[in-house]
Amino acid sequence: MRLPQDTRPVSLRSGQNRCTIVALGKRNFHPSQAPEHPSAAVVGCMLAVGVAFLIEYLDDTIKPSEDVGQALGLSTLGAITRFSTDEEDRLTLRTLLVASTNPVEGKTTTVQGMETMNDTPFVSVIIAIRNEEEFIARCLQSVLDQDYPQDRMEVLIVDGRSEDRTREIVTEFSSRYPVIKLLDNPKISAPAGLNLGIREARGDIMVRVDGHCLLEPDYVSQCVKYLRETGADNVGGLIKADGQGYVGGAIALAINSFFGSGGSKFHYASKEQYVDTVYLGAFRRSVFDKVGFFNERLMRNQDYEFNYRIRAAGGKIFLSPAIRSSYYGRTTFRDLWHQYLQYGFWKLEMIQMHPPSVQPRHLAAPLFVFILFATGLLSLVHRGFLDLFLLIISSYLLASLLSSLLIARREGWRYFPPLPIAFAVMHFGWGLGFLMRLVRMAISALG
């Protein structure tokens, strides 16, 4: 049995007791919904609360299960859907159900089996890295500067056998800040590092952080807030690329733009909403029990694949621009090319695992590159294809130049020359990587 959609859980602590009252409030009540005898509903609610407290404290050997909490809640569920216009009765009715105690500290379970958290659940920040000596100190400092209570956090750095000074820098930090713990990732890859961190974590909430990013001081607090308020399984914010140097600045502007990103909402959204994926993410621990861990077969796109499994299992992913961080992007076109070539290559691998996950934006760059190359080759044998080739390439150049013009007008005209190059590197790299994987799959199927 489901709770009405317009009810919302609010967790209330009872001193040092382990029992938690869950208040359910209904919005926009109409006087016609009030029962003729609200006192009967009040008595029923108070009886349910009294029985639950009795079960909780009568004998230490009695542990109320989740089913007991659900039964108590369902017995009075009808009372919550109708309320008196009298303010005193309304307030009393909102104290409705009692949640059973979850063995995991800081969590309770409502009648729906939905987890709620206390005010300061323990948070595990997990950072899977390799060769991040240039950025890791700034990243760690931004984590340490969080306004979330540090005694309710741990920071797990999972290093994939770095060959630079990354481990040395992390060790220096951990010697000064016991909250930081360095773990070794013998498998090297990012998804393997994330999974190792999750298994070692003690937190009720897992907050993923990349070694290239800087968190705003309220990042963790906002993640906890939106996990509690939305009931989502994963929450996250926008990706805001910051560039270093002239070329790096242009690359960051291209990544942050609609034309460059291809319509992924975590690049440009200005409103809170449920989405298919978010940047980084903060997860309830229970998510990993429900859908498993990150797929270690995927060197890229493992985050989107994991979020797809969450949604396929009935979970939700919530995006809020209030969850803020910045990301140090690539500083050369060569590095950008390799990055997007891998994005395209591993995107097809992920689509092969989950065909329903494909979105139109995933196919835009591969189709563009394929049609462009096909018409270019066919134009060698038939002039009619040359006109089509020129139409396609000129349309793309026009769109690229127009987007670059609009961005340069806002951010500075000096960025106008490199922006079209950045767009081309991203789109052709992504599309070609996708097609390379497609060719490899076809050869494997034939051979």
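Source: prediction; values computed, not measured. (Residues numbered from 1 in each chain as written. Predicted model: local features only at pLDDT ≥ 70, side-chain atom pairs only at ≥ 80, totals over all residues. Heavy atoms only, no water.)

> What is the right way to look at the overall build of the protein in this model?
Each helix and strand counted, the protein has 17 helices and 16 strands in total. Across the 447 residues in the protein, those meeting the buried criterion constitute 49%. Expressed as a percentage of contacts within the protein between residues at least 6 apart in sequence, the contacts between residues at least 24 apart total 76%. Total accessible area computed for the protein in this model is approximately 21,700 Å², and 57% of it derives from carbon and sulfur atoms. (Helix = DSSP H or I, 4+ residues; strand = E, 2+ residues; numbered from the N terminus. Buried < 20%, exposed > 50% of the residue type's maximum accessible area, 1.4 Å probe, protein only. Contact = heavy atoms within 4.5 Å. Areas by Shrake-Rupley, 256 points an atom, 1.4 Å probe, with all protein chains shown as cover.)

> Got a minute to help me understand a nonpolar patch on the surface in this structure?
A cluster of nonpolar residues, L377, L378, L380, V381, F385, L388 and L391, forms a patch on the protein surface that exposes about 700 Å² of accessible area. Going through the elements one at a time, α15 (360-378) and α16 (383-411) are the ones with two or more residues in the nonpolar patch. It is α16 that contributes the most residues to the nonpolar patch, three residues altogether. Structurally, V381 is set in the loop between α15 and α16. (Patch = residues over 30% accessible without salt bridge, like charges linked within 9 Å, V, L, I, M, F, W, Y side chains within 5 Å. Salt bridge = Lys/Arg side-chain N within 4 Å of Asp/Glu carboxyl O.)

> Can you walk me through empty space enclosed by the protein in this structure?
Empty space among the atoms becomes visible once a probe the size of a water molecule is rolled across them. Applying the stated rule across the entire model yields three cavities of 30 Å³ or more. Considering the residues around the second largest cavity, the lining is formed by I126, L194, I198, M206, R208, F283, F288 and F294. Broken down by secondary-structure element, the contributors of at least two residues to the lining of the second largest cavity are α7 (190-200) and β9 (205-209). Residues belonging to the lining of the second largest cavity are distributed by class as follows: seven nonpolar, no polar and one charged. (1 Å grid on protein atoms, 1.4 Å probe; cavity = no way out; pocket = protein on both sides within 12 Å on 5 of 7 lines; lining within 4 Å. Points joined across faces, edges and corners; volume = space filled by probe spheres on them. Nonpolar A, V, L, I, M, F, W, Y, C, P; charged D, E, K, R; others polar.)

> Would you mind showing me how to read the environment of L194 here?
Mapped onto the secondary structure, L194 falls in helix α7. With relative accessibility at 3%, the residue L194 sits in the buried group. Residues L194 and D159 lie 35 residues apart in sequence; the distance between their C-alpha atoms is 10.0 Å. Every residue in contact with L194, bar those within four places of it in the chain, is listed here: I126, A128, R208 and F294.

> Whenever I open this one, the packing of α16 against helix α17 (residues 418-446) confuses me. Can you help?
Geometry of a packed helix pair, given as the angle between the helix axes and the separation of the axes. Interaxial distance between α16 and α17 falls to 9 Å at its minimum, and their mutual angle equals 130°. Relative to α17, α16 is oriented oblique. Crossing of α16 over α17 shows right-handed handedness. From α16, Y396, S400, L401, S403, S404, I407 and A408 reach across to α17, where they touch L419, P420, F423, A424, H427 and F428. A per-class count over the contact of α16 with α17 returns nine nonpolar, four polar and no charged. (Axes fitted to C-alpha atoms, helices over the stretch in contact; angles between N-to-C directions. Parallel < 35°, antiparallel > 145°, perpendicular 65-115°, else oblique. Left-handed = near helix turned anticlockwise from the far one by under 90°.)

> For this particular structure, what's the right way to read helix α13 (residues 302-312)?
Think of an α-helix as turning once every 3.6 residues; residues three or four places apart then point the same way. Taking burial as the measure, the eleven residues of α13 include eight buried ones, the bulk of the element. Those residues of α13 not exposed but buried are Q302, Y304, E305, F306, N307, Y308, R309 and I310. Of the residues trailing α13, G314 is marked for its positive phi of about 95°.

> Hey, could you run me through the sheet that holds β9 in this one?
Strand-to-strand pairing in sheets goes through backbone hydrogen bonds, with the strands running parallel or antiparallel. Pairing in this open sheet of eight strands is mixed, and the strands run β8-β7-β6-β9-β14-β11-β15-β13 from one edge to the other. At either margin of the open sheet sits one strand with a lone partner, and together these are β8 (180-184) and β13 (273-274). Sheet topology places β13 next to strand β15 (residues 317-319); two bridges connect them, and they run antiparallel. Bridge pairing in β15 places Y274 opposite F318. (Pairing = 2+ DSSP bridges.)

> Hey, could you run me through the sheet that holds strand β10 (residues 213-215) in this one?
Taken in spatial order, the three strands line up as β10-β16-β12 in an open sheet, and their pairing is mixed. In the strand order of this sheet, the two ends are held by β10 and β12 (240-242), each with one partner. Pairwise comparison of adjacent strand axes, ignoring direction, gives a mean angle of 30° for this sheet. Bridging between β10 and strand β16 (residues 325-328) involves three bridges; their strand directions are antiparallel. Residue pairing in the sheet places L214 in a bridge with S326 of β16. Helix α5 (residues 136-144) rests against β10 and β16 of the sheet, and its axis sits at about 20° to β10.

> I tried to follow the pairing of strand β11 (residues 234-237) on my own but got confused; where do I start?
Burial along β11 is two-sided: the residues N234 and G236 and V235 and G237 are all buried. Judged from the three bridges that link them, β11 and β15 form a sheet pairing that is parallel. Paired with V235 across the two strands is F318, which belongs to β15.

> Can you walk me through the environment of R297 in this structure?
Mapped onto the fold, R297 is located in the loop between α12 (285-291) and α13. On the accessibility criterion, R297 (52% relative accessible area) is exposed. Remark: the alpha-carbon pair of R297 and S189, spanning 108 residues in sequence, is separated by 9.4 Å. Setting aside anything within four residues of it in sequence, one finds R297 in contact with W346, E349 and M353. Side chain to side chain, R297 and E349 meet in a polar contact 2.9 Å long. (Polar contact = N/O pair within 3.5 Å; in protein donor to acceptor, adjacent residues only side chain to side chain.)

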